[in-house]
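One-letter residues, chain by chain:
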There are 2 protein chains.
Amino acid sequence: MQSQDFIIKQVLEAWYIHIKRVDSLLRELSDEQLLSEIAPGKNTGLYLVGHLAAVHDSMLPLLDLDKKLHPELEEVFIKNPDKSGLQKPTVDTVKKNWKEINDQLEGYFSKMRGEDWLKRHMSISEEDFIKEPHRNKLNVLLSRTNHVANHFGQLLLLKKKHD
Amino acid sequence: MQSQDFIIKQVLEAWYIHIKRVDSLLRELSDEQLLSEIAPGKNTGLYLVGHLAAVHDSMLPLLDLDKKLHPELEEVFIKNPDKSGLQKPTVDTVKKNWKEINDQLEGYFSKMRGEDWLKRHMSISEEDFIKEPHRNKLNVLLSRTNHVANHFGQLLLLKKKHD
């Protein structure tokens, strides 16, 4: 049990490293940079941060922790692409949402025990989970960490210097 | 012990998912696409794939598995930036190196037991590892998985369609 909790702590640490990397990049980038496209014709920084915030918000119900804090983000940042023509919240709002959502997750994560991470997430039924026990909460965390890393790599392109 | 091995299998699975994502993208992209920059003035696809291959190659000694298969990659793809002026191997060579290195890692990973992943990696001394036991092989795997995800997000920009 001890080594199980130890490993889960390492997986959680990788999550926090990425949250902090995005936080730090958001402090560094100007609003103008965040409003530009990461490459010609591709997503803007604002869209990517809104997308990350919306996806993390959906982890609250998916991990059976809480309701979403900002369900309004889904329509603009998950269901529709950047060039949808839908009105987007401001850079400031999206940054605040991003921080608020991650803080909320952190509050819940800090109370979770190792064994809680091995329970099913809410997109799989109890019956199916018996057959597919890897579809647990830890898997959501692993896959969302890689999801942040994926878009973080893109957000880095907004920096002026060569990466 | 069983749940420890189960969790490590999940972490490994996340690694393989990303290797396969890059493999699949490499089948999809033309040489011309791989030779272009992911965004104006930024790294080319070729450089990023070479960089990933070189970093994965360095996992062989870091995880105490083997010598590097292609030590020549380090100079061009880790120690120097894309625009170094150094001659680069061809797209075909880099793709072959990438596959060969990941296959080699997979061969070793398949023989590793859960407890092997909790041993120190080769960049930390035995003395320091007693104080910092999270600096184990699993941590290398977690961080390298996020590293692939990071650059995979950038490589996706080479696709013609909007991502």
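The structure presented is a predicted model; accordingly, all values stated were derived computationally and were not measured.

About the thresholds
Residues numbered from 1 in each chain as written. Chains lettered and ligands numbered in written order. Predicted model: local features only at pLDDT ≥ 70, side-chain atom pairs only at ≥ 80, totals over all residues. Heavy atoms only, no water. Core = buried A, V, L, I, M, F, W, Y, C linked by side-chain atoms within 4.5 Å. Buried < 20%, exposed > 50% of the residue type's maximum accessible area, 1.4 Å probe, protein only. Contact = heavy atoms within 4.5 Å. Buried area = accessible area lost by both parts, 1.4 Å probe. Polar contact = N/O pair within 3.5 Å; in protein donor to acceptor, adjacent residues only side chain to side chain. Helix = DSSP H or I, 4+ residues; strand = E, 2+ residues; numbered from the N terminus. Axes fitted to C-alpha atoms, helices over the stretch in contact; angles between N-to-C directions. Parallel < 35°, antiparallel > 145°, perpendicular 65-115°, else oblique. Salt bridge = Lys/Arg side-chain N within 4 Å of Asp/Glu carboxyl O. Left-handed = near helix turned anticlockwise from the far one by under 90°. Nonpolar A, V, L, I, M, F, W, Y, C, P; charged D, E, K, R; others polar. pLDDT = per-residue confidence, 0-100. Least-squares fit on C-alpha atoms with pLDDT ≥ 70 in both.

Draft legend 1. Structural view of the nonpolar core. In this structure, Trp-15, Phe-109 and Trp-117 of chain A together with Trp-15, Phe-109 and Trp-117 of chain B are the most contacted members of the largest nonpolar core, which totals 96 residues. Once residues lying within four places of it in the same chain are set aside, the contact partners of Phe-109 of chain B are Leu-12, Trp-15, Tyr-16, Met-59, Leu-63, Leu-65, Trp-117 and Leu-141 of chain B.

Draft legend 2. The arrangement of the interface of chain A and chain B in detail. Taken together, the contact pairs 37 residues of chain A with 37 residues of chain B. Both faces combined, the contact of chain A with chain B buries some 2900 Å², and carbon together with sulfur accounts for 60% of it. Run the count over chain A and chain B and you get 14 residue pairs in polar contact (both at pLDDT 80 or more). Of all the secondary structure elements, the ones that give two or more residues to the side of chain A that touches chain B are helix H1 (2-28) and helix H9 (137-155) of chain A. Top element by residues in the side of chain A that touches chain B is H9 of chain A. It accounts for 10 residues.

Draft legend 3. Inspection of the packing of helix H3 (residues 45-57) of chain A against H9 of chain A at higher detail. Residue and element names in this part refer to chain A. One can describe the packing of H3 onto H9 by two numbers: an axis separation of 10 Å at closest approach and a directional angle of 170°. On the basis of their axis angle, the class for H3 and H9 is roughly antiparallel. Touching Gly-45, Leu-48, Val-49, His-51, Leu-52, Val-55 and His-56 of H3 are Arg-144, His-147, Val-148, His-151, Gln-154 and Leu-155, all from H9.

Draft legend 4. Here's a closer look at the pattern of salt bridges. All names here are of chain B. Under the counting rule described, the total for this entry stands at 22 salt bridges over all chains. The partner of Lys-68 in a salt bridge is Glu-74, with the nearest N and O atoms 2.6 Å apart. Where Asp-82 meets Lys-83, a salt bridge forms, and the shortest distance between an N and an O atom there is 4.0 Å. Residue Lys-83 is classed as partly exposed on the basis of its relative accessible area of 44%.

Draft legend 5. Here's a closer look at the packing of H9 of chain A against helix H8 (residues 137-155) of chain B. Packing of H9 of chain A against H8 of chain B leaves a shortest axis separation of 6 Å and a crossing angle of 45°. Considering the angle they form, H9 of chain A stands oblique to H8 of chain B. Pair H9 of chain A / H8 of chain B crosses with right-handed handedness. On the side of H9 of chain A, the interface is formed by Leu-142, Thr-145, Asn-146, Ala-149, Asn-150, Phe-152, Gly-153 and Gln-154 of chain A, while H8 of chain B contributes Leu-142, Thr-145, Asn-146, Ala-149, Asn-150, Phe-152, Gly-153 and Gln-154 of chain B. Across the contact of H9 of chain A with H8 of chain B, the residue classes tally to six nonpolar, 10 polar and no charged.

Draft legend 6. Representation of the confidence of the model for chain A. Chain-level statistics for chain A give a pLDDT mean of 96 and a share of 98% at 70 or above. Quick note on the complex model: pTM equals 0.95, ipTM equals 0.93.

Draft legend 7. Here's a closer look at the relation of the copies chain A and chain B. Screw-axis analysis of chain A against chain B gives a translation of 0.0 Å along the axis, an RMSD of 0.0 Å, and a rotation angle of 180°. The symmetry that links the two subunits is that of a two-fold axis. Taking C-alpha positions as the reference, the residue of chain A nearest the rotation axis is Asn-150 of chain A, at 2.1 Å. A shared interface surface links the copies, since 100% of the contact residues of chain A are contact residues in chain B too.

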